[in-house]
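# Architecture at a glance
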Amino acid sequence: MKKILFLLLTVLCLGNVARADSYTIDRDKLPVQAREMLDEYFPKAKIGMIKVDKHLLKKTDYDVKLVNGTKIEFNNAGKWTSVDCKKRQVPDALVMKPIRNYVKKNGNGAFIVKIENKVSGFEVELSDGVEMKFNKLGILTHVEIDDND
């Protein structure tokens, strides 16, 4: 019984060591592609915090929070996976043209405040609370309207 308990404790300790988070404000801790994205689309924004989230098998994610409240998530390679500008508009250049055009034409004046780049496509949230899903070609596949207002 003691051996089993010791083994379980050892496995738990190793699991915690393998998944260690660290926090910094040093841009140099980000992959080059992530730094370039921040410089291009958020040139004046200041970094409030970077969370370096290390997983098993050397996979690392980066969560960046800017001083203005914007949150940007990057994968191991430094490609953005999520941009959440809260109440501000996501930079147009981050959104593929068919999605921008669809929202401009059908969004009733609302603008994109959040975008997620997923394997299946893109999920966007508009300033009026409407959530839309698009495939990788930018074709609308689903709309969800928040009725809690």
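In this report, the structure presented in the accompanying data block is examined. (Residues numbered from 1 in each chain as written. Predicted model: local features only at pLDDT ≥ 70, side-chain atom pairs only at ≥ 80, totals over all residues. Heavy atoms only, no water.)

### Focus on the overall build of the chain
Stated formally: The secondary structure listing takes helices from DSSP runs of H or I that are at least 4 residues long and strands from runs of E that are at least 2 residues long, numbered from the N terminus. Under the scheme applied here, a residue whose accessible area is under 20% of the maximum for its type counts as buried, over 50% as exposed, and between as partly exposed, the area being computed with a 1.4 Å probe on protein chains only. The criterion used for residue contact is that any of the two residues' heavy atoms lie within 4.5 Å. To be clear on the numbers: accessible area is Shrake-Rupley with a 1.4 Å probe, and residue cover counts the displayed protein chains and nothing else.
Looking only at helices and strands, one finds three helices and nine strands in the chain. Seen in sequence order, the chain has helices and strands lined up from the N terminus as α-β-α-β-β-β-β-α-β-β-β-β. By residue count, 31% of the 149 residues in the chain fall in the buried class. Long-range contacts, defined here as pairs at least 24 residues apart, represent 36% of the contacts in the chain between residues at least 6 apart. Of the roughly 10200 Å² of accessible surface on the chain, a fraction of 56% belongs to carbon and sulfur atoms.

### Observations regarding the layout of surface pockets
Counted only if it meets this: Using a 1 Å grid laid over the protein atoms alone, points where a 1.4 Å probe fits but cannot get out form a cavity; open sets with protein on both sides within 12 Å along at least 5 of 7 lines form a pocket; any residue with an atom within 4 Å of a point counts as lining. Grid points are joined across faces, edges and corners, and a volume is the space filled by probe spheres set on the points.
In this structure, the largest pocket encloses a volume near 160 Å³. In this structure, the largest pocket is lined by Q89, V90, D92, V95, R100, N101, V103, K104, A110, F111 and I112. Counting residues per element, the lining of the largest pocket draws most heavily on helix α3 (residues 97-106), which supplies four residues.

### Observations regarding the side chain of D84
Which entries qualify depends on this criterion: By the criterion applied in these results, polar contacts are pairs of N or O atoms within 3.5 Å in which, for protein atoms, one can donate a hydrogen and the other can accept it, and in which residues neighboring in sequence qualify only through two side-chain atoms.
Looking at where D84 falls in the secondary structure, it is placed in strand β5 (residues 80-84). By relative accessible area, D84 is classed as buried at 14%. Within the local environment of D84, its side chain forms a polar contact with the backbone nitrogen of K86, the two atoms lying 3.0 Å apart. Sequence-distant contacts of D84, that is, excluding residues within four places in its chain, are made with G69, T70, K71, V113 and K114.

### Section: the environment of K79
By the secondary structure assignment, K79 is in the loop between β4 (71-74) and β5. Residues K79 and A34, 45 residues apart in the sequence, show an inter-C-alpha distance of 6.2 Å. In contact with K79, not counting residues within four places along its chain, are Q33, E73 and F74.

### A closer look at the pairing of strand β6 (residues 112-118)
For clarity, the threshold we go by: Here a strand pair is declared whenever DSSP counts at least two bridges between the two strands.
Alignment of β5 against β6, held across three bridges, turns out to be antiparallel. Along β6, the bridge assignment pairs D84 with K114. In this structure, β6 lies alongside strand β7 (residues 121-126), joined through six bridges in antiparallel fashion. Residue pairing for β7: N117 is matched across the bridge by F122.

So, to be careful, I would describe these as geometric facts and stop short of saying anything about function.
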